[in-house]
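# Overview (structure and organization)
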Amino acid sequence: MTLSLGSILDALLLWPLPPQGAEQSEAVDPLYLFIYWLTFIVFWGVIFVMAYFCWRYRRRPGVGPEKSPNHHTALEVTWSVIPLLFVIVIFWWGYRGFLDLAVAPPNAYKIEVTAWQWGWKFRYPNGAETLFNQDGLHVPPGEPVQLVMTSNDVLHSFYVRDFRVKQDVVPGRYTTLWFNAIPGLYKGFCTEYCGTAHSNMNFEVTVHESRAAFDEWLAGRPTGEMDGETVYKSFCQACHTTTADRGVGPGFGGLFGKQETVTRGPTGPEETVTVDEAYLKESILVPEARVVKGFPNAMIGQDFGSRLKPVEIDNVIEFIKKQK
Ligand code: CUA
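Please read these numbers as outputs of a predicted model, since none were measured by experiment. (Residues numbered from 1 in each chain as written. Predicted model: local features only at pLDDT ≥ 70, side-chain atom pairs only at ≥ 80, totals over all residues. Heavy atoms only, no water.)

### Details of the pairing of strand S5 (residues 144-151)
Here is the rule we go by: Only protein chains enter the calculation, and the probe is 1.4 Å; a residue is then buried if its accessible area is under 20% of its type maximum, exposed if over 50%, and partly exposed in between. A run of DSSP states H or I qualifies as a helix once it reaches four residues; a run of E qualifies as a strand once it reaches two. Both are numbered from the N-terminal end. Between any two strands, pairing holds if DSSP finds at least two bridges.
Across the eight residues of S5, seven count as buried, placing the element largely inside the fold. Across seven bridges, the pairing between strand S1 (residues 109-116) and S5 is parallel. Along S5, the bridge assignment pairs Val113 with Met149. Bridge count between S5 and strand S8 (residues 175-180): six bridges; the pairing is antiparallel. Paired with Gln146 across the bridge in S8 is Trp178.

Laid out in structure tokens, this is it:
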């Protein structure tokens with residue numbers, strides 16, 4: 001930075017403020033600085049006048065005290081009206097800014113935020129999730145992003161200093177906040193004292209270079225719920241093919257709707273079943289219940305009921321149905 005008069009003036013005017021990381025900063029900062037410098041001038045003005053009067057009216061030999069006036073209408077009107085005008089301007093300015101900050105544009109990109117003692121979780125529209133201490137919050141640049149926030153326990157508060165946005169996060173209700181960020185890396189905080197590890201509730205906010213870069217990052221994140229193909233690849237593929245060929249277990253190709261001969265338990269009688277959703281679900285959750293004749297009961301003890309969410313079991317059943 002070269003030292004020109006302009007840059008010195010800029011630095012002096014902005015020195016109380018952190019860098020601007022969002023469009024909102026440009027709305028908040030002028031009002032903040034206006035109040036800041038107004039207060040600065042009034043404070044030093046009062047101090048100066050007080051010091052001057054102390055000196056001007058000091059006790060001197062041979063000079064008696066003047067009689068104090070007890071009423072001066074013009075003076076009293078002046079010191080009431082001028083501050084009132086300033087208060088009206090500050091209120092109008094602040095209220096307008098508050099409305100802009102409170103109401104997100106309807107097309108805003110929505111991210112769900114959950115706070116707890118002591119952490120944050122961020123959930124994106126595709127179901128992907130990130131945590132405060134792993135990856136933090138990621139957002140696209142140059143477009144409105146709205147956070148829909150709630151708490152699992154006590155009061156927390158979401159604060160990104162460089163965006164100039166802050167909002168309480170309240171158990172049992174949703175609060176929102178929005179911003180339009182500039183690419184960069186920022187720091188977020190919990191700014192409501194919420195217990196022992198309150199100070200650990202920090203997170204990084206990554207504002208990507210472009211929407212495309214953000215989308216690419218998001219596509220690479222595992223989603224909160226696995227789709228059927230992912231469940232298949234993670235849990236089934238080792239033993240089941242997607243064709244009619246047998247692996248360790250029956251192939252999934254053409255399986256749905258087929259008649260199978262099964263045994264009930266290891267030594268039970270044989271019976272014929274039609275492979276439908278109920279049979280597939282039973283075979284996932286209680287694999288030893290009815291095993292297709294001629295196959296080992298290799299899935300026993302896998303406990304997919306606790307390893308997969310119910311919706312993921314439904315997803316993989318839908319996946320199996322589609323294999324021809
Ligand atoms: Cu959460 Cu402080």
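The rest of the description comes next.
### Quick word on the sheet that holds strand S12 (residues 270-274)
In plain terms, the rule: Interaxial angle, 0 to 180 degrees, is taken between N-to-C directions of lines fitted to C-alpha atoms, where a helix line uses only the stretch in contact.
Within the open sheet, the three strands sit side by side as S12-S11-S13. Their pairing is antiparallel. One side of each edge strand has no neighbouring strand; the edge strands of this open sheet are S12 and strand S13 (290-292). When strand polarity is set aside, the average angle formed by the axes of neighbouring strands in this sheet is 45°. Two strands pair when backbone bridges link them, and strand S11 (residues 259-264) and S12 are joined in this way by five bridges, in the antiparallel orientation. Each residue of the ladder has a partner; that of Gln259, found in S12, is Thr274.

### Digging into the pairing of strand S9 (residues 184-190)
The sheet contact formed by strand S6 (residues 156-160) and S9 spans three bridges and is antiparallel. What sits directly across from Val160, in S9, is Gly188. Alignment of S9 against strand S10 (residues 203-207), held across five bridges, turns out to be antiparallel. Its bridge partner being in S10, Gly184 is matched across the sheet by Val207.

### With respect to the side chain of Gln323
With respect to the element layout, Gln323 can be found in the segment after helix H8 (310-322). Gln323 gets classed as buried once you look at its relative accessible area, which sits at 15%.

### Focus on the nonpolar core
What counts here: The term nonpolar core refers to a set of buried residues drawn from Ala, Val, Leu, Ile, Met, Phe, Trp, Tyr and Cys, joined through side-chain atoms within 4.5 Å. Residue contacts follow a heavy-atom distance rule, with two residues in contact if any of their heavy atoms lie within 4.5 Å.
Trp120, Leu137, Leu147, Phe158, Phe163 and Phe179 are the most contacted members of the largest nonpolar core, which totals 33 residues. When residues of this core are assigned to their parent elements, the largest contribution, four residues, is made by S1. Ignoring anything within four residues of it in the chain, the contact list for Phe163 reads Gly21, Ala22, Gln24, Ser25, Phe179, Ala181, Tyr186, Val205 and Val207. Formed by 20 residues, the second largest nonpolar core is a distinct cluster that contains Val231, Val262, Val273 and Ile313.

### Examining the packing of helix H2 (residues 23-56) against helix H3 (residues 73-102)
Heads up, the rule is: Oblique is the label for any angle not covered by the other classes, which are roughly parallel (under 35 degrees), roughly antiparallel (over 145) and roughly perpendicular (65 to 115). Put simply, a crossing is left-handed when the front helix is turned counterclockwise from the back one by less than a right angle, and right-handed when it is turned clockwise. Gly falls in the polar group here, along with every residue not listed as nonpolar (Ala, Val, Leu, Ile, Met, Phe, Trp, Tyr, Cys, Pro) or charged (Asp, Glu, Lys, Arg).
As a packed pair, H2 and H3 sit with axes 10 Å apart at the nearest point and diverge in direction by 160°. Classified by the angle their axes make, H2 and H3 are roughly antiparallel. Considering how the two elements wind past one another, H2 and H3 form a crossing that is left-handed. Taking contact as the criterion, the partners of Gln24, Val28, Pro30, Leu31, Phe34, Ile35 and Leu38 in H2 are, on H3, Phe86, Ile90, Trp93, Gly94 and Leu101. Split into classes, the residues belonging to the contact of H2 with H3 amount to 10 nonpolar, two polar and no charged.

### Digging into unusual backbone geometry
Following Gln117, the chain continues into Trp118 via a peptide bond in cis, with omega recorded as 5°. A positive phi angle, near 80°, is found at Asp135, a position not held by glycine. Inspection of the secondary structure puts Asp135 in the loop between strand S3 (129-131) and strand S4 (137-139). By relative accessible area, which is 37% here, Asp135 ends up partly exposed.

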